[in-house]
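Given next are the chains, with one letter for each unit.
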Amino acid sequence: MIDPAIQFTEVCKSFRKQEVLRDTTFRVERGRTFAFLGRNAAGKTTAISIMMGLLSRDSGTVRVLGLDPATHPVEVRRRVGYLAEDQTMYGWMRCEEILRFMAPFYPTWDHELALKYAKDFEVPLATKIKHLSKGQNVRLGLVLALAHRPELVILDDPALGLDPIMRKQFNRDLITHLQGEGRTVFYSSHLLYEVEPVADEVAILDKGKIVRQAETEDLRRDVKQFVLSREAAVRMASEFHILDQRPDREDTALIVDQAATLEQRLGEEGIEHRVIDLNLDEIFEAYVAGNHTTPAAATLQVAGTCDA
Ligand SMILES: Nc1ncnc2c1ncn2[C@@H]1O[C@H](COP(=O)(O)OP(=O)(O)OP(=O)(O)O)[C@@H](O)[C@H]1O
């Protein structure tokens, strides 16, 4: 059996008293493009640093290409292409020098490919690293992450320092190229509208916990907004887990993650409603910033209203 590209099982990590990862569990199959989504300080970089063997975990199991990064950090780094969020490189070296400097660390380094990526990403090879702009620095980091033809590419918010044209090129050309070669791509991002067309699968990390992992298509199919009368909304909230609810003129807009079941239920009761498809941005927001209620809480709320 082939090991998954990444497996996190019940991983915990705290910095002093601050719990950053709490039983974090997810799995990335080989050949997939996996988007790791979370708000600022959700714990994305911490999880990635543990994957790369740069940070130790407090408990739980981590495997990257079948290896434990805590005990095999060098082997993991050889087989993984990693772009850190804020890459620091030797400023005094010229770009072409760092390409030659990195080559011996990787048995699979392909210098022709490094030069090709440098050209595609418009990296000025004769310039010293300390004189690069932020975007040029990210692009050089990408070249260094990819030139050894890694099986797994881990990118921590790669589009952050790129201008809109480079971002488009990054998503459309680079990710598509890596997908075509069957590589696994794991990347964290804030730019959900750009992630949406390329990610096969997404995991949403909220305060160190995975609140949902799903195929992008399934997420779009399952998570929808329903607009219905307030009375009907209160009844449905006592049966369904609501990710978000807010007034919509005279009606109420509910977001649920069981759209087919709710649709069927509303159909059976003949309740008038509208269904609205959501994009990944809206789905993410509902999970991490929505006004959540569970059926039990909704019943209590309704009971409370009646008592008042
Ligand atoms: N070495 C450290 N020592 C103490 N606290 C840390 C350390 N590294 C991270 N943290 C804290 O852990 C939390 C999660 O940080 P992390 O960088 O993993 O979040 P993130 O999801 O990558 O955020 P962003 O999207 O803003 O980069 C933050 O509150 C941060 O301050």
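This one's a predicted model, so the numbers in the text were calculated from it and none came from an experiment.

### Quick notes on the sheet that holds strand β4 (residues 59-64)
Now for step 1: As summarised here, the arrangement of the three strands in space is β2-β1-β4, forming an open sheet in which the pairing is antiparallel. Taken across any chain shown, the strands that pair with only one partner, and hence form the sheet edges, are β2 (18-28) and β4. Pairs of neighbouring strands in the sheet enclose a mean axial angle of 25 degrees, with direction left out of account.
Now for step 2: In this structure, strand β1 (residues 6-15) lies alongside β2, joined through seven bridges in antiparallel fashion. Looking across to β2, one finds that V11 is bridged to T24.
Now for step 3: Packed onto the sheet, helix α1 (residues 44-51) meets β1, β2 and β4 and runs at close to 115 degrees relative to β1.

### Thoughts on the site of the ligand
Now for step 1: Near the ligand you find F15, V20, G38, N40, A41, A42, G43, K44, T45, T46 and E85, and these make up its full shell.
Now for step 2: In terms of residue count, α1 provides more of the shell around the ligand than any other element does, three residues in total.
Now for step 3: Taken together, the residues of the shell around the ligand break down into four nonpolar, five polar and two charged.

### A word on the domain arrangement of the chain
Now for step 1: Domain boundaries assigned for the chain yield domain 1 (6-218) and domain 2 (223-289).
Now for step 2: Taking only C-alpha atoms, the centre of domain 1 and the centre of domain 2 are 36 Å apart.
Now for step 3: On the side of domain 2, six residues touch domain 1, which itself brings 11 residues to the contact.
Now for step 4: Counting residues per element, the ones that place at least two in the side of domain 1 that touches domain 2 are α7 (192-195), β8 (201-206) and β9 (209-215).
Now for step 5: Ranked by residues supplied to the side of domain 1 that touches domain 2, first place goes to α7 with three residues.

How each quantity is defined
Think of each chain on its own: its residues are numbered from 1, step by step along the sequence as written. Only residues with pLDDT of 70 or above have their local features reported here, since the model is predicted, and side-chain atom pairs are shown and tallied only from 80 upward, although totals for entire chains, interfaces and linings are computed over all residues. Here the rule is simple: two strands pair whenever DSSP picks up at least two bridges between them. Numbering goes from the N terminus for both helices and strands, where a helix is a DSSP run of H or I of at least four residues and a strand is a run of E of at least two. Geometry is summarised by axes, namely lines fitted to C-alpha atoms with helices restricted to the contacting stretch, and by angles between N-to-C directions that run from 0 to 180 degrees. What counts as a contact here is a pair of residues whose C-beta atoms, placed from the backbone, lie within 7 Å. Only the C-beta atom matters for nearness: placed from the backbone, it must lie within 6 Å of the molecule or strand for the residue to count as near. Any residue that is not Ala, Val, Leu, Ile, Met, Phe, Trp, Tyr, Cys, Pro, Asp, Glu, Lys or Arg is counted as polar, Gly included; the first ten are nonpolar and the last four charged. A domain assignment, automatic or from a database, supplies the domain bounds used here.

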